Amino acid sequence: MYNLDNRRSEFNILTRIRSINFFFLFIVIIIFLFGVLSLNSVSNGDFNSWPIKHIQRFLLGLIVFFTICAIDIKFFFIFAYPIFLLSLIFLIIVHFFGTETYGATRWIKIAGISLQPSEFIKFTLVLALAKYFHSYNDVANNFIQFIKKFILPLVIILVPVFIVAAQPDLGTAVVIFIGGVSIFWIIGLNYKYFISSGLIIILSIPLLWKYLKDYQKDRVFTFFNPERDPLGNGYHIMQSKIALGSGGILGKGYQEGTQSHLNFLPEMHTDFIFTVFGEEFGFLGALLLIFLYLGLIFLSIKMGLQSISNFGKYLSLGVSTVFFIYVFVNISMVTGLLPVVGVPLPLVSFGGSSMLAVMMGFGLLMNCYIHQKIILPKGNIF
């Protein structure tokens with residue numbers, strides 16, 4: 001039986017909407033507007049191309065956000081596994097009926113709309129794991145119980161990871177893996193297991209290397225030495241560094257970026273949008289955007305910690321972690337701190353699936369915040 005001994009439990013839809021943390025939403029909108037600004041620059045002032053589509057996708061994302069906020073948290077608790085399985089089914093369908101672009105099959109058309117299921121499963125995976133660990137009552141104080149408690153969720157994580165890696169989309173697969181494994185850290189798994197796992201992964205690198213595709217190996221080589229192929233694999237990161245460095249402290253000015261407007265910079269509207277922003281608004285502008293992201297992440301964590309149920313806490317912190325990984329990987333990628341992988345900058349990069357997935361994740365986070373005083377039942381993990 002659910003504990004409804006609080007006035008926040010009998011929410012109607014209007015009350016739930018009023019309980020939203022609108023300061024959080026305000027930061028989201030500010031970051032999104034920076035995206036519109038950057039996309040308008042990339043499109044040379046053609047507002048009816050990428051910018052208007054970006055706005056339309058954000059408005060659709062807001063509908064998703066408010067819809068999720070208006071639903072009782074018990075719905076997501078009860079249907080956590082079916083929601084994850086549905087997203088997993090779509091991920092599998094992509095392998096058979098997906099659309100191939102740039103040598104990768106990642107998208108599927110539904111009612112004429114192209115969606116990338118791997119973007120959504122990052123958050124549905126966290127939803128399923130949050131329910132699993134919320135409902136698991138036994139303490140893993142011996143090896144058998146440890147296996148029982150952690151092997152099954154690890155398998156749940158690895159299934160979508162391998163499917164996405166086979167598309168191939170190694171960057172997204174890594175984000176899914178880290179996002180899923182972060183739940184182990186959130187529930188309080190001893191750090192010794194993370195150190196041991198890290199050592200195992202490091203020792204397995206020679207074996208894993210054999211299974212990487214040639215272009216993935218080239219990306220690793222290019223990461224360590226971009227100059228080895230300045231007109232090929234190293235072109236992206238070298239141009240990105242040139243653009244960021246040429247921006248200086250204050251930037252070259254809006255729509256005055258030479259690397260972007262002279263088409264030296266590739267993928268300007270998606271993966272390398274942060275570079276465009278940094279070139280035009282300089283170090284201070286880029287720093288402002290980073291601080292906005294950090295503020296959003298810290299606020300997400302703060303809201304998550306207020307949930308008295310483990311489900312709400314695990315889900316909120318899991319969503320916050322996935323969002324952090326999005327931001328960290330993209331900015332590290334375009335600044336040369338990580339190899340170039342296809343990870344967009346959330347709310348700023350042009351991409352419908354990424355936008356809808358992030359707003360869905362924020363909706364789940366805010367739903368937990370709205371129902372932070374609700375106590376959910378434990379017991380059968382299924």
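What you are looking at is a predicted structure, and each value in this text was computed from that prediction instead of being measured. (Residues numbered from 1 in each chain as written. Predicted model: local features only at pLDDT ≥ 70, side-chain atom pairs only at ≥ 80, totals over all residues. Heavy atoms only, no water.)

Caption draft 1: Expanded view of the pattern of salt bridges. If you walk through the whole model with that rule in mind, you get four salt bridges. Arg-16 serves as the salt-bridge partner of Asp-72, at 3.4 Å between the closest nitrogen and oxygen. Placement of Asp-72 in the loop between helix H3 (50–70) and helix H4 (73–78) and of Arg-16 in helix H1 (residues 13–18) is noted, with a sequence separation of 56 residues between them. When sorted by exposure, Asp-72 lands in the same class as Arg-16, which is buried. A salt bridge links Glu-279 to Lys-252, with the nearest nitrogen and oxygen atoms 3.2 Å apart. Of the two residues, Glu-279 sits in helix H14 (residues 273–305) while Lys-252 sits in the loop between helix H12 (235–247) and helix H13 (258–261), which places them 27 residues apart along the sequence. Assessed through its relative accessible area of 0%, Glu-279 is described here as buried. (Salt bridge = Lys/Arg side-chain N within 4 Å of Asp/Glu carboxyl O. Helix = DSSP H or I, 4+ residues; strand = E, 2+ residues; numbered from the N terminus. Buried < 20%, exposed > 50% of the residue type's maximum accessible area, 1.4 Å probe, protein only.)

Caption draft 2: Fine view of the packing of aromatic side chains. Here the structure, examined in full by the defined rule, presents 19 aromatic pairs. Between Tyr-293 and Phe-323, the ring centres sit 5.9 Å apart and the planes meet at 50 degrees, which makes this aromatic pair tilted. Here Tyr-293 is found in helix H14, whereas its partner Phe-323 is found in helix H15 (residues 310–334), with 30 residues between them in sequence. Ring pairing ties together the aromatic residues Phe-24, Tyr-293, Phe-323 and Phe-362, which thus form one cluster. If you follow Arg-57 out to its NZ or CZ, it ends over the ring of Phe-350, 4.3 Å from the centre. The residue whose ring lies beneath Lys-131 is Phe-77, and the NZ or CZ to ring-centre distance is 5.2 Å. (Phe/Tyr/Trp six-rings, centres within 6.5 Å; stacked < 30°, edge-to-face > 60°. Lys NZ or Arg CZ within 6 Å of the ring centre and 35° of its normal.)

Caption draft 3: Representation of the environment of Ser-316. When you line up the elements, Ser-316 lands in helix H15. Between the C-alpha atom of Ser-316 and that of Met-303, which follows or precedes it by 13 residues, the distance is 7.6 Å. Ignoring anything within four residues of it in the chain, the contact list for Ser-316 reads Gly-304, Ser-307, Leu-365 and Cys-368. Among the polar contacts made by the side chain of Ser-316, one reaches the main-chain carbonyl oxygen of Gly-312 at a distance of 2.7 Å. (Contact = heavy atoms within 4.5 Å. Polar contact = N/O pair within 3.5 Å; in protein donor to acceptor, adjacent residues only side chain to side chain.)

Caption draft 4: Expanded view of the nonpolar core. Counting residues in each nonpolar core, the largest one holds 98 residues, and the members touching the most others are Phe-24, Ile-31, Leu-315, Leu-347, Met-359, Phe-362 and Met-366. Sequence-distant contacts of Leu-347, that is, excluding residues within four places in its chain, are made with Val-28, Ile-31, Phe-32, Gly-35, His-54, Phe-58, Met-355, Val-358, Met-359 and Phe-362. (Core = buried A, V, L, I, M, F, W, Y, C linked by side-chain atoms within 4.5 Å.)

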